[in-house]
Every structure is written in structure tokens, then in C-alpha cells.
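# Residue-level structure breakdown
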Amino acid sequence: MRILHTSDWHLGRAFHRVNMLGAQTGFIGHLVTTVRERGVDAVVVSGDVYDRAVPPLAAVELFDDALHRLADLGVPTVMISGNHDSARRLGVGAGLIGRAGIHLRTEAAACGTPVVLPDDFGDVAFYGLPYLEPALVKDEFGVDRPGHEAVLAAAMDRVRADLAARPPGTRSVVLAHAFVTGGEASDSERDITVGGVAAVPAGVFDGVDYAALGHLHGCQTITERVRYSGSPLPYSFSEADHRKSMWLVDLDADGAVTAERVDCPVPRALARIRGTLEELLADPGLARHEEAWVEATLTDTVRPADPMARLAERFPHTLSLVFDPERAPDDPDVSYARRLAGRSDQEIAEDFVAHVRGAGPDEHEQGVLRDAFDAVRADEAVREVAR
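We now turn to the structure provided with this report. (Residues numbered from 1 in each chain as written. Predicted model: local features only at pLDDT ≥ 70, side-chain atom pairs only at ≥ 80, totals over all residues. Heavy atoms only, no water.)

Interaxial distance between helix 1 (residues 21–37) and helix 2 (residues 57–73) falls to 10 Å at its minimum, and their mutual angle equals 10°. When the axes of helix 1 and helix 2 are compared, the pair comes out roughly parallel. Between helix 1 and helix 2, the residues in contact are Leu21, Gln24, Thr25, Ile28, Gly29, Val32, Val35 and Arg36 and Ala58, Leu62, Ala66, Arg69, Leu70 and Leu73, respectively. Of the residues belonging to the contact of helix 1 with helix 2, the class tally is nine nonpolar, three polar and two charged. (Axes fitted to C-alpha atoms, helices over the stretch in contact; angles between N-to-C directions. Helix = DSSP H or I, 4+ residues; strand = E, 2+ residues; numbered from the N terminus. Parallel < 35°, antiparallel > 145°, perpendicular 65-115°, else oblique. Contact = heavy atoms within 4.5 Å. Nonpolar A, V, L, I, M, F, W, Y, C, P; charged D, E, K, R; others polar.)

Now the structure itself:
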């Protein structure tokens, strides 16, 4: 069976101030062409179809168009909801849409109920594990202390139990939306840390032939059987070095996996450039970036006049301007944002406690802070679901 694995469409999202709807429309066309021309037997979309719980109308219309075009091809499609999607909204009409071969899996309770698709060698069971917000699904899976690993492991136990009851030789594919250990994150993914932990081990997917992952925006191989497709388009300058693509996965009669990357059309290259304003305007080596979307970091010790306008004369698609004057790390004028770069909310809160009272939090107090951050995240998730 030939499977096309994609994820993280984020329909409705902009790139800085650039409307990406045209590029997203182009990607959907590319997806449909790939399905038709490469003999794809099934499409899997591993979450974050939309960029937010209540997407704009244009994004919903594009999704509707994608569903119609995929259904017209007669190629089954399996989709799950991600942490950016409203699972309830995305799942509306799933039963009816399923009759057209588009299978939406948005409910945690259905993790162990697969979409079964046959090929010349037997059945392939596709299990959809939507994004599992631990605080919201802990009762469904009977876990005491909610965390990503605990709820995902419980969901996979249901998958393995169902698979064990099926005829010998049944092959299996799991769609999941999670941060798996070994994956490389970028700036454009929403933080899903719970209890100070965001990642789960790849071993949680043991026992299935292929795990089609979503959430991280870089295409990457965790193991030969566990892969991220990444987002088809860039959504932050941290993705400047990404090669945007989908996985074309062949699952043979014995469940062995071979995978090929299929490049996605990107509307414009991304470039991150750094130096003083005069250096950036004069450097001939930067000519290759003149038509790219540019993030410019200026290192001038004194902020120059009209930097964006002057940069735009050479780099007309400059979208982001960052000021990072060259200073020693212990310089008191180093910016607050620079001092906090790369630090988690938990670490920042612990530093604040140490600053205020002269000593950092003890183990119990660290747990209190962790629980507070988790409670805020859970409340936000509940509010998003209720919208």
C-alpha cells in the first residue's frame, strides 16, 4: 500500500504580515496532483489542519475544497485533529463525510477503532490518535497523573489490543500529534509542555508498522517506522533551512517500510541575515537573498535611522527586523528578551523567585509552579474546546 503522509497545514495562518492562503491553495493542488500521479492508495493528515480553533471562512472553504478533490479521486483519506484544531468542530459531520472516503478521527475514545483499508496482501488498519490534551483525557484513559507519555501510552495499549484481535498479517499505521523524543522543534509550534515535560519516547509506538506524526514543522525521521512529515509551508524564520515535503511511504506485504520525500512548492525562499546595516546593504554575498523573505538582525551599537526602509531598497521582502547590538554577555544593557531567550516559563518563574527572595524554589515549590502552569494550560484548552 502506498501512503502519502502530510500534516500541519495550518490553514488560515499568515507568515508575519503575508497572507498564505494562496500558497496553501497551491499546496492543496500539489497534494491532489501527487495523489493522482504517484499512485497513492491512502492519504494521512496528522493534525493541525487549521491554525486555530475558530478558523477564518476562507480557510474553511479551502478545507472543503480539499475534501471534495480528495473524495473525487476515490483515494481514502484519514485525518486527525491537532493541538491547534478544535476537535469538536473538525469532527462535525465525520460520519457523513466518512461515506465519501474521508475519515476524520477527532475523539480520544475512538483511538482503538481503526479505519481498515484492503490491498492485494490483506488489510491495513489505520488508527487515528488526535492530539491528546492530558488534562482533558486522563479520565478516558484512567491515568492518575496526566502527562503526554501516560495518555499516549494508554491510547497505544488500545491500539495494540485491537490489532492483536485482528487476523494475522494485518498491517498497521498510527496517526499521532505529539512531540516525540529526538524530534527537532522550531519557533512556530505551540508549546505543549505538561509537568515540565513535552516529549514522549518513540518506543511508545512499538508494535505498529508505521507511525505518521504531526506537530513538529520540520520533516524528520525519528526511526525508520516513526516519522514527521513537517508542515508543507514555512511559518517562522526558524524554518529557513527546512526542506518542505511530504512522505511517500510504501508498506509491503510483510509491513516493511520504504519512504521517499516529495518536495512541496514554497512561494518564496527564507533568509536570515545578520550584521550592521551598512554591512547588509553592501555585502555582495547577500545578493542571492534579494528576492527572499528576509529576517534581518542588526548588530549596530547605535540604532540607525530608517533601517526598515533602507533594507527594503535592497531586500524588498524584508518581513522581520531584529536589533541585537554586539555587547558582552555581562553588559547591563543586554536586553531582557535576550537574557530570557531559550528559557521555559518554569525556568523564568524560578529565576524570578530567586531574584525576589535571594534563593530559588525548593523541590516542593517547583512542583507548585509546575502545577500552576499546567492548570493555566488546561484551562486554556477547555476554553478553546468550549468555543
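From this point on, the discussion continues.
Counting 35 residues, the largest nonpolar core has Leu129, Leu132, Phe141, Val174 and Phe205 as the members making the most contacts within it. Contributions of two or more residues to this core are made by strand 8 (122–129), helix 5 (134–141), helix 6 (148–164), strand 9 (171–177), strand 10 (179–180), strand 12 (210–214) and strand 14 (226–228). The element that contributes the greatest number of residues to this core is helix 6, accounting for seven residues. One finds Leu4, Phe63, Ala66 and Met246 within the second-largest nonpolar core, a separate group that totals 27 residues. (Core = buried A, V, L, I, M, F, W, Y, C linked by side-chain atoms within 4.5 Å. Buried < 20%, exposed > 50% of the residue type's maximum accessible area, 1.4 Å probe, protein only.)

A few words now on the side chain of His84. With respect to the helices, strands and loops of the structure, His84 is situated in the loop between strand 5 (77–80) and helix 3 (87–90). Exposure remark for His84: the relative accessible area of 5% places this residue in the buried category.

With that settled, the discussion passes to the environment of Gly218. Checked against the element boundaries, Gly218 lands in the loop between strand 12 and strand 13 (220–223). Here the alpha-carbon distance between Gly218 and His242, two residues 24 residues apart in the chain, equals 6.2 Å. In this structure Gly218 touches Tyr228, Gly230 and His242, once residues within four positions along its chain are discounted.

Attention now goes to the sheet that holds strand 7 (residues 115–119). Spatially, 7-8-9-12-14-13 is the arrangement adopted by the six strands of the open sheet, whose pairing is mixed. With one partner strand each, in any of the chains shown, strand 7 and strand 13 form the two edges of the open sheet. Sheet twist, expressed as the mean angle between neighbouring strand axes with direction ignored, is 20°. Together, strand 8 and strand 9 form the strand contacts of helix 6, whose direction differs from that of strand 8 by roughly 160°. (Pairing = 2+ DSSP bridges.)

Within the secondary structure, His10 is located in the loop between strand 1 (2–6) and strand 2 (14–15). Note on His10: relative accessible area 0%, which makes it buried. Within the local environment of His10, its side chain forms a polar contact with the side chain of His217, the two groups lying 3.0 Å apart. Contact partners of His10, with chain neighbours within four places excluded, come to Gln24, Asp48, Val49, Tyr50, Asp51, His84, His217 and Tyr235. (Polar contact = N/O pair within 3.5 Å; in protein donor to acceptor, adjacent residues only side chain to side chain.)

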